[in-house]
Amino acid sequence: MEKTTKRVGVIGGVRIPFCRNNTAYADVGNFGMSVKVLGALVERYGLHGVELGEVALGAVIKHAADWNLAREALLSSGLAPTTPGITTARACGTSLDNAIIVANKIAVGQIEAGIAAGADTTSDVPIVYGERLRKRLLAINRAKGWQDKLAAATRGFSPAELKPSFPGVAEPRTGMSMGDHCEKMAREWHIDRESQDRVALESHKKLAAAYESGFMDDLVVPFRGVKRDNILRPDTSMEKLATLKPAFDRSSGHGTLTAGNSTALSDGAAAVLLAGEDWAAARGLPVQAWVRDAEVAAVDFVHGEGLLMAPTVAVARLLTRNGLTLQDFDFYEIHEAFAAQVLCTLRAWESADYCRSRLGLDAPLGSIDPAKLNVHGSSLAVGHPFAATGARLVATLAKELAQKGSGRGLISICTAGGMGVVAILER
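Residue indices follow the written sequence of each chain, beginning from 1 at its first position. For a predicted model such as this one, the threshold for reporting local features is a pLDDT of at least 70, and the threshold for listing and counting side-chain atom pairs is 80 or more; totals across whole chains, interfaces and linings nevertheless cover every residue. Side-chain descriptors were evaluated using all non-hydrogen atoms of the structure, hydrogens and water having been removed beforehand.

S.K.: Before we go on, may I ask you to explain helix H7 (residues 193-213) in this structure?
M.R.: Counting from the N terminus, the helices are the DSSP runs of H or I reaching at least four residues and the strands are the DSSP runs of E reaching at least two. The length a helix should cover is 1.5 Å for every residue beyond the first. In a regular helix each residue adds 1.5 Å, so 21 residues correspond to 30 Å; H7 covers 30 Å between its end C-alpha atoms and thus fits that length. Turning to H7, the residues buried within the fold contact strand E1 (8-15), helix H6 (178-188), helix H8 (238-242), helix H11 (339-350) and helix H13 (379-382). Backbone geometry just after H7 places glycine 214 at a positive phi near 90°. Two residues qualify as a contact provided that any one of their heavy atoms is within 4.5 Å of a heavy atom in the partner residue.

As structure tokens, then:
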């Protein structure tokens, strides 16, 4: 039987303002943020009581009770309770992955419309206890009588077992943080401190301008009294950024990553509505952009590759498959995990040696027009609630293309674990 694929449209997206951790959303948690952003999307597009084919919503840092965060949040969103929900996680690429999941289901005709979303908090983190206490509690639970339970509770007990453990930020395979890995990348690619600070400054300036121009008005819904991302610093300068000390490599005297040119720990949520053109047309919902293709890749960071370089591989594959060059885009939305990561990626694409030896290309992918990169600011100014960034980028790029009226855009996200998620939208 011949199979055909349908075009998948991005109808639009919303998010709450992203906030520095332990500030406005410190007591909200992933569930509260997810309900708010899904409810806002339902309001925006008149989805009250509508059954969608899927809500794919993810979170990277979540409590065990949030085992199906997507389903629980959608049940409080206004959608029909017959809408399925799936909870996912691929670190920083989570909600772009969700857009790919939903888009693929629409493309092959399994569903007509769905929501891709993500929420993350580094304020309301799960606190766990060590292995000895965990096993002790399980032994108490298995014990039958009170005497056996008392014995299980007290036998060999040490107060040290009560010491809690917080979620770590280190890569399990290397014991190094993402910032430590990115410092290594910056040294390998000769990325200097001033260039990183310049990227950060431009991100803040562009985001401030986006708010002032009204571009963000329908993309951001107020929450908890916050109307704008509270990480945004419109008054920052190269002089102010230059005063910041290295955040990761503090002892060698050569550290270049600081709190100013690295993404702040953040809380927030974002969601985007995707649909087939018939479903959208039947409801009078204009399509802002179409999903053309996507790709995921991984690098062997344990044995020397740069942890955050996987997007270079994913983009190369995506371009080859679609017969495109790196210059065939009107907008580039590259997630700013660190300013250094963005600069390393751009430099790698310009390197004939890297493109030949690592990407298997005959020539370098080349450079891009800086005026087309993150034109409304990105994660350094917006913030980066891990699972929410992908949906933010999809919604932002779709609106950019809709305003232009035509064109093509590239989304690129690096993730923990040495992976990259990328996608092409067009209009």
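S.K.: I keep staring at the nonpolar core and nothing clicks. Help me out?
M.R.: Taken as a class, soluble globular proteins show a tendency for nonpolar side chains to be buried jointly. Ranked by size, the top nonpolar core spans 52 residues in total, and within it Leu308, Leu326, Tyr332, Trp349, Leu359, Leu365 and Leu410 carry the most contacts. If one sorts the elements of this core by residue count, H11 sits on top with eight residues. In contact with leucine 365, other than residues within four places in its own chain, are Ala316, Leu319, Leu326, Gln327, Trp349, Cys355 and Leu359. The definition of a nonpolar core used throughout is a set of buried Ala, Val, Leu, Ile, Met, Phe, Trp, Tyr and Cys residues joined through side-chain atoms within 4.5 Å. Buried, partly exposed and exposed residues are distinguished by accessible area as a fraction of the type maximum, computed with a 1.4 Å probe on protein chains only: under 20%, between the cut-offs, and over 50%, respectively. The next biggest cluster of nonpolar side chains, apart from the first, holds 47 residues, and it includes Leu219, Ala381, Leu401 and Val421.

S.K.: When you look at unusual backbone geometry in this model, what are you seeing that I'm missing?
M.R.: Apart from glycine, the bulk of residues carry a negative phi angle, and the bulk of peptide bonds sit in the trans form. Positive phi values are uncommon outside glycine, yet histidine 190 reaches one of about 60°. Within the fold, histidine 190 resides in the loop between H6 and H7. With a phi angle near 55°, arginine 224 is a residue other than glycine that sits in the positive phi range. Looking at the element boundaries, arginine 224 is found in the loop between H7 and H8.

S.K.: Is there a simple way to think about H6 in this case?
M.R.: Side chains that are three or four residues apart share a direction in an α-helix, a result of its 3.6 residues per turn. Listed as buried for H6 are Met178, Gly179, His181, Cys182, Glu183, Met185 and Ala186. Positive phi appears at histidine 190, one or two residues downstream of H6, with a value of about 60°.

S.K.: It is not clear to me how the pattern of salt bridges should be interpreted in this structure. Could you clarify?
M.R.: When their charged atoms lie close together, side chains carrying opposite charge are able to pair. Salt bridges, as used here, are contacts in which a Lys or Arg side-chain nitrogen is within 4 Å of a carboxyl oxygen on Asp or Glu. Here the structure, examined in full by the defined rule, presents 22 salt bridges. Across the pair arginine 228 and glutamate 212 runs a salt bridge, and its minimum N-O distance is 3.0 Å. Pair noted here: arginine 228 is in the loop between H7 and H8 and glutamate 212 is in helix H7, with a separation of 16 residues, a long-range link. The salt bridge partner of arginine 408 is glutamate 426, with a shortest N-O separation of 3.7 Å. On the criterion of sequence distance, the pair formed by arginine 408 in strand E11 (residues 408-415) and glutamate 426 in strand E12 (residues 419-426) is long-range, its members being 18 residues apart. Arginine 408 sits in the partly exposed class, given a relative accessible area of 22%. Given the relative accessible area of 23%, glutamate 426 is considered partly exposed. In this structure, a network of salt bridges that share partners links the residues Asp293, Glu295, Arg317 and Arg321.

S.K.: I'm lost on the packing of aromatic side chains in this one. Help?
M.R.: Centre distance and the angle of the planes are the two values used to describe a pair of aromatic rings. Here is the rule: rings of Phe, Tyr and Trp (six-membered ring for Trp) pair when centre to centre is within 6.5 Å. Planes less than 30 degrees apart are stacked, more than 60 are edge-to-face, and the remainder are tilted. On inspection of all chains with the given rule, the structure shows four aromatic pairs. An angle of 45° between the planes, with centres 5.3 Å apart, marks the rings of tyrosine 25 and phenylalanine 223 as tilted. One end of the pair, tyrosine 25, is in the loop between strand E2 (19-20) and helix H1 (29-45); the other, phenylalanine 223, is in the loop between H7 and H8, and 198 residues separate them in sequence. Just as tyrosine 25 is buried, phenylalanine 223 falls in that class too. Between the aromatic rings of phenylalanine 329 and tyrosine 332, the centroid separation amounts to 5.8 Å while the plane-to-plane angle is 55°, which identifies the pairing as tilted.

S.K.: How do you make sense of the state of the cysteines when you look at a structure like this?
M.R.: A disulfide bridge is the covalent bond that connects two cysteines by way of their sulfur atoms. In this description, a disulfide is simply a cysteine sulfur pair whose atoms lie within 2.5 Å. Counted under the stated rule, the structure contains zero disulfides. Free of any disulfide, cysteine 344 has its nearest cysteine sulfur in cysteine 182, 5.8 Å distant. With no disulfide of its own, cysteine 414 lies 6.2 Å from the sulfur of cysteine 92, the closest cysteine sulfur.

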